[in-house]
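Given next are the chains, with one letter for each unit.
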Amino acid sequence: MAAVDAVIRTRLHSEVALVNQVGEYIINSGGKRLRPALVLLSAQAFGYSGRHQHELAAVVEFIHTATLLHDDVVDESELRRGRETANALFGNAASVLVGDFLYSRSFQMMVEVGEMRVMQTLADATNVIAEGEVLQLLNCHDADVDVANYMRVIHCKTAKLFEAAMRLGAILGRASAAEEEAASRYGMHLGTAFQLIDDVLDYSADEAQTGKHLGDDLAEGKPTLPLIHAMRHGTSAQAAVVRAAIEQGDVSKFAEVLAIIRDTGALDFTRQQALREAEAACASIAAFADSKYKQCLLELANFAATRQF
C-alpha cells in the first residue's frame, strides 16, 4: 500500500496548481483504500509480484476518487470523512473538473500497462458506474423504488469497482477464466455488502466515526433498503410517514423515520442482507489456494458486513 501511495503521489502531479491542490486534498482525506487493496490481494493470491499491481491499484483509487468528487457535487454534500468536501472548499466547478482530470489520468495509466483486458475491464466498469449514478439520480425522491431497483443501483454504482479491482488482480496473475470469474464475484458481493452497511450507518452510526451527518440519505431523498423495508413492514400510517419523508427529502422527520426504522427491524434486516453478501463473497473464493492473501480477503468480507464506520 505504501508503494501504491507513492504511485498516487507521483501520478497526481499536474502543471496546474489547482489540480494538485484539490487532488491532494481529496486523496489525503482518510479513505479506507479498500479498492486498491483488493487489486493487490487478488494479484498476489495468483502469484503476481510485479509493479503493474501498484499502478492499477492507483488507477482504481483515482476512479473511485473521481466518482466521489462528482457525487458530492450532485448530492450537494458538505461533509465527507469528517472534513469539508472538495466542492464545499473549492467550489463545484473545480470539483467536477478535477474529477475529470482523475478519470483521464487513470486512462493514461491503464494504457501504459499495455494489457487490452485491463483496459476493457476498467472502461466497462467506469461506464457502468456512470449508469449507476444516473439510476440513483432517477430514484431520488421516488418512494416506489423496489428492492430489485435498489440492488441494481448498488451493483452499478458501488459493487462494480470492487468487482473490477478483483478482476484486474486476476488478469495480472494470469488466473484461469473460472478463477477470474470467481474473483469478480467475490468483488461484487463484497461491494454490495459494503454499500448495504453504508446505508445502515446513515441511520445508526456515530457521526464522529463516519464523518458524515446522520440522515444525509433521507435529506437527498434516497430510498435505501432500510426505508424500503420500513415501508413494507410498517403500518399504513408508518409507511405514509416514510413515503412523505422520501418524496420531500424532509430531514425534519428524521427522528420519526428513525423510530419507524427501528420498530420494523429494518436495520437488522439490512445487516443480515449484508452478512449474506459477505458469505457469498467468501464462498466465491473457497476453491482458491490457501494463502495469507486469501485469508485477508475472507477477513475483509467479514469487516465489510460488520463495520461501524
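Residues numbered from 1 in each chain as written. Predicted model: local features only at pLDDT ≥ 70, side-chain atom pairs only at ≥ 80, totals over all residues. Heavy atoms only, no water.

Participant: Any chance you could explain the packing of helix H12 (residues 225-233) against helix H13 (residues 236-248) here in plain terms?
Facilitator: When two helices pack together, you describe them by how their axes are tilted relative to each other and by the distance separating the axes. Their axes nearest at 8 Å, the elements H12 and H13 cross at an angle of 145°. The crossing of H12 and H13 is left-handed. Every residue of H13 that contacts H12 at Leu-227, Ala-230 and Met-231 is listed here: Ala-239, Val-242, Arg-243 and Ile-246. Tallied by class, residues from the contact of H12 with H13 come to six nonpolar, no polar and one charged. (Axes fitted to C-alpha atoms, helices over the stretch in contact; angles between N-to-C directions. Helix = DSSP H or I, 4+ residues; strand = E, 2+ residues; numbered from the N terminus. Left-handed = near helix turned anticlockwise from the far one by under 90°. Contact = heavy atoms within 4.5 Å. Nonpolar A, V, L, I, M, F, W, Y, C, P; charged D, E, K, R; others polar.)

Participant: Explain the environment of Val-200 here, please?
Facilitator: Tracing the chain through its elements places Val-200 in helix H9 (residues 177-201). The spatial distance from the C-alpha of Val-200 to the C-alpha of Glu-299 is 20 Å, given a sequence separation of 99 residues. Non-local contacts of Val-200, meaning those with residues more than four positions away in its chain, are made with Leu-267, Thr-270 and Arg-271.

Participant: Would you explain the packing of aromatic side chains in this entry?
Facilitator: The geometry of two aromatic rings is summed up by the distance between their centres and the angle between their planes. Scanning all chains against the criterion turns up five aromatic pairs. Centre to centre, the rings of Tyr-203 and Phe-254 are 5.8 Å apart; their planes meet at 15°, and the pair counts as stacked. With Tyr-203 in the loop between H9 and helix H10 (207-210) and Phe-254 in helix H14 (residues 254-263), this residue pair connects regions lying 51 residues apart in the sequence. When the ring centre of Phe-194 is taken as reference, the NZ or CZ atom of Arg-307 above it lies at 3.7 Å. (Phe/Tyr/Trp six-rings, centres within 6.5 Å; stacked < 30°, edge-to-face > 60°. Lys NZ or Arg CZ within 6 Å of the ring centre and 35° of its normal.)

Participant: Any chance you could explain helix H6 (residues 92-113) here in plain terms?
Facilitator: Note: α-helices contain 3.6 residues per turn, so residues at a spacing of three or four share the same orientation. For H6, with 22 residues, the first-to-last C-alpha span of 32 Å sits near the 32 Å given by 1.5 Å per residue. Restricting attention to buried positions, one finds in H6 the residues Ala-94, Ser-95, Val-98, Gly-99, Phe-101, Leu-102, Tyr-103, Arg-105, Ser-106, Met-109, Met-110 and Val-113. Next to the buried residues of H6 lie helix H1 (2-12), helix H2 (17-27), helix H4 (52-75), helix H5 (86-90) and helix H7 (116-139). Positioned one or two residues after H6, Gly-114 has a phi angle of 70°, which is positive. (Expected span 1.5 Å × (residues − 1). Buried < 20%, exposed > 50% of the residue type's maximum accessible area, 1.4 Å probe, protein only.)

Participant: Any chance you could explain the nonpolar core here in plain terms?
Facilitator: If you look at soluble globular proteins, the nonpolar side chains tend to sit buried side by side. One finds Leu-38, Leu-56, Leu-122, Tyr-150, Tyr-186 and Leu-190 to be the most contacted residues of the largest nonpolar core, which totals 70 residues. In terms of residue count, helix H8 (residues 147-172) provides more of this core than any other element does, eleven residues in total. Beyond its immediate sequence surroundings of up to four residues, Tyr-150 is in contact with Val-145, Leu-196, Asp-199, Pro-223, Thr-224, Leu-225 and Ile-228. Val-200, Ala-239, Val-257 and Ala-266 belong to the second largest nonpolar core, which has 18 residues in total. (Core = buried A, V, L, I, M, F, W, Y, C linked by side-chain atoms within 4.5 Å.)

Participant: Just checking my understanding: could you explain the environment of Met-231 for this structure?
Facilitator: Here Met-231 is to be found in helix H12. According to the relative accessible area criterion, Met-231 is buried, its value standing at 15%. Spatially, the C-alpha atom of Met-231 lies 7.3 Å from that of Arg-243, the residues being twelve residues apart in sequence. Those residues in contact with Met-231 that sit more than four places away from it in its chain are Ala-143, Ala-239, Val-242, Arg-243 and Ile-246.

Participant: I would appreciate a short explanation of the pattern of salt bridges in the present structure.
Facilitator: Opposite charge on two side chains allows them to pair when their charged atoms are near. This structure, assessed with the given rule, holds 16 salt bridges. Between Arg-11 and Glu-112 there is a salt bridge, with its nearest N and O atoms 3.0 Å apart. Of this pair, Arg-11 sits in helix H1 while Glu-112 is found in helix H6, placing the two residues 101 residues apart along the sequence. Between Asp-71 and Lys-157 there is a salt bridge; the shortest N-O distance is 3.6 Å. Here Asp-71 is found in helix H4, whereas its partner Lys-157 is found in helix H8, with 86 residues between them in sequence. Like Lys-157, Asp-71 is buried. Each of Arg-117, Arg-167, Glu-180 and Glu-181 takes part in one network of salt bridges that share partners. (Salt bridge = Lys/Arg side-chain N within 4 Å of Asp/Glu carboxyl O.)

Participant: I would appreciate a short explanation of unusual backbone geometry in the present structure.
Facilitator: Across residues other than glycine, the phi torsion is negative in most instances, and most of the peptide bonds are trans. The phi torsion at Arg-33 lies on the positive side, around 60°, for a residue other than glycine. By the element assignment, Arg-33 lies in the loop between H2 and helix H3 (34-45). Positive phi, close to 65°, is recorded for His-141, a residue that is not glycine. Along the chain, the position of His-141 falls in the loop between H7 and H8. On the basis of relative accessible area, His-141 is assigned to the partly exposed category, the value being 36%.

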